[in-house]
Amino acid sequence: QPALSKRAQSIGLSKIAQLVSRAAELRAQGKDVISLGFGEPDFDTPLNIREAAQKAMDEGDTRYTATGGTNTLKLAVQKKFKNDNGLDVDLDQIMVSVGAKHVLFNAFLATLDEGDEVIIPAPFWTSYPDIVKVAEGTPVFVSCGADVGFKLTPSALEAAITPKTKWVMINSPSNPTGAVYSADEISALAEVIRKHPHVWILSDDIYEHIRFTEGKYATIAALAPDLSGRTLTMNGVSKAYAMTGWRIGFCTGPKALIKAMTAIQGQATSGPNSIAQAAAVEALEGPQNFLDESRATFKERRDKVVCWLNECPGIKCQTPDGAFYAFPTCSDCFGKVTPDGTKIETIDDLASFLLEKHDVTIIPGTAFGAPNEFRISYAASLEILHEACNRIKAGCEQLQ
Ligand code: PLP
């Protein structure tokens, strides 16, 4: 068979995908496995948004749109950046893509040459390093453990920057940790980046609206406007409006970067889906009460899940400030033995023990560059979450 590219070989099947497929196998064998692996809200897309899509279809909004998004959606995004983030940007500084993930793809393909480095604070969203590798860049991980609240510190950032650094990733609230950076913390990172004019900043704000801290949301382009010429701020409707399947993400950055990204997107997709763009306009411009309601639901679940996890022997869970993930540390379980004599040496061992013997899927932190933690998503009903935590507890209680 003709060979696959080095690029394709550099990205394997993700750990998450492997676990999801093992859980599906067990389910097919009749086991009632609970999966807390998913990174999407469990709510339906609000009705007004679905109706806007229907209307768009009925009114013939079914053709190719401008590559970087319809004017109407770009106007809505412009207003969103102004109202929510205090960013004043022109329409040619805005681009709409097929999900926020696609923004990353466009950005890295538009800027990375072989060997260029991208600083990725770990724990990280699994896709960051893989997308960097597809674009032939080199991910550089900076370990940010539980002791620093899983956040990048100025000194760790400073130590990681080299002449080859092209980008620094900032993700707040974070997937997988739920950590939220304060304005002071972001400003301190900006202070470091200011000294290195060859470095771009990618601010992944996709969980902006799922945040439980008080005060204004902190994003670097607003806090360090002098760096806006090298900042790409990305966001989207997937998480905030329960629209993961609609595939609409957007970003704002300097004109030249947006232009290059648009050229790349034009050859990949011609542009985002016309109907989903009409739905995204309604999401951004229609009633916003869904944001408060879903945030309140997530907060209630977070509080309970953190409490239940902290009742599990060997597990310590910090209270995440945003997103819909809990990220407990379970190194105290390592070195212990299961009832059938298997030693739990790593977080992967713990995940497979819990899946095989207690019918619950957790995502081991190794998928996110964190060897001592696991991630569970609390985008599920309280009933399911309680049962899942009971199973985790039962598993932990069996370890000797
Ligand atoms: N950024 C982070 C941190 C995410 O967790 C995700 C989705 O899981 C995305 C970006 C991508 O979002 P989208 O569904 O809009 O591509």
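Residues numbered from 1 in each chain as written. Predicted model: local features only at pLDDT ≥ 70, side-chain atom pairs only at ≥ 80, totals over all residues.

### Notes on the overall build of the chain
Right, on to step 1. If you tally the helices and strands in the chain, you get 14 helices and 14 strands.
Right, on to step 2. Along the first, second and third principal axes, the C-alpha set of the chain runs to 60 × 55 × 50 Å.
Right, on to step 3. Among the 400 residues that make up the chain, the fraction classed as buried is 48%. (Helix = DSSP H or I, 4+ residues; strand = E, 2+ residues; numbered from the N terminus. Buried ≥ 20, exposed ≤ 12 C-beta atoms within 10 Å, placed from the backbone.)

### Focus: the pairing of strand E14 (residues 374–377)
Right, on to step 1. The alternating pattern of E14 places Phe374 and Ile376 and Arg375 and Ser377 on opposite faces, both of which are buried.
Right, on to step 2. Of the strand pairs in this sheet, strand E9 (residues 325–326) and E14 are connected by two bridges, and their pairing is antiparallel. The partner of tyrosine 325 across the bridge, within E14, is serine 377.
Right, on to step 3. Taken together, the two bridges between strand E13 (residues 363–364) and E14 define a ladder with antiparallel strand orientation. Note on E14: the bridge partner recorded for isoleucine 363 is arginine 375. (Pairing = 2+ DSSP bridges.)

### Things to note about the site of the ligand
Right, on to step 1. The environment of the ligand is formed by 13 residues, the closest being Gly99, Ala100, Lys101, Asn175 and Ser238.
Right, on to step 2. For the shell around the ligand, the per-class residue count stands at three nonpolar, eight polar and two charged. (Near = placed C-beta within 6 Å. Nonpolar A, V, L, I, M, F, W, Y, C, P; charged D, E, K, R; others polar.)

### Quick look at the domain arrangement of the chain
Right, on to step 1. Annotation of the chain at the domain level lists domain 1 (6–44 + 290–398) and domain 2 (63–285).
Right, on to step 2. Taken over C-alpha atoms, the centre of domain 1 sits 27 Å from the centre of domain 2.
Right, on to step 3. Listed as interface residues are 33 residues of domain 1 and, on the opposing side, 28 residues of domain 2.
Right, on to step 4. Contributing elements (two or more residues each) for the side of domain 1 that touches domain 2: helix H1 (6–10), helix H12 (289–310) and E9. (Domains from an automatic or database assignment. Contact = placed C-beta atoms within 7 Å.)

### Some points on the nonpolar core
Right, on to step 1. Among the nonpolar cores identified, the biggest contains 117 residues, and Phe108, Val168, Met169, Ala279, Ala280 and Tyr378 are the most heavily contacted of them.
Right, on to step 2. When neighbours within four sequence positions are excluded, phenylalanine 108 is seen to be in contact with Ile131, Val132, Ala135 and Gly137. (Core = buried A, V, L, I, M, F, W, Y, C linked by C-beta atoms within 7 Å.)

### Details of the UniProt feature "domain: Aminotransferase class I/classII large" (unreviewed entry) in the chain
Right, on to step 1. Under the feature "domain: Aminotransferase class I/classII large" (unreviewed entry), the UniProt entry names residues 31–392.
Right, on to step 2. End-to-end, the C-alpha atoms of residues 31–392 are 16 Å apart, and along that stretch the chain is 39% helix and 15% strand. (UniProt positions renumbered as here; feature names shortened; annotations may be inferred.)

### Some remarks on the sheet that holds E13
Right, on to step 1. An order of E9-E14-E13 is seen for the three strands of this open sheet, with the pairing classed as antiparallel. In this open sheet, the two strands that pair with only one neighbour each are E9 and E13.

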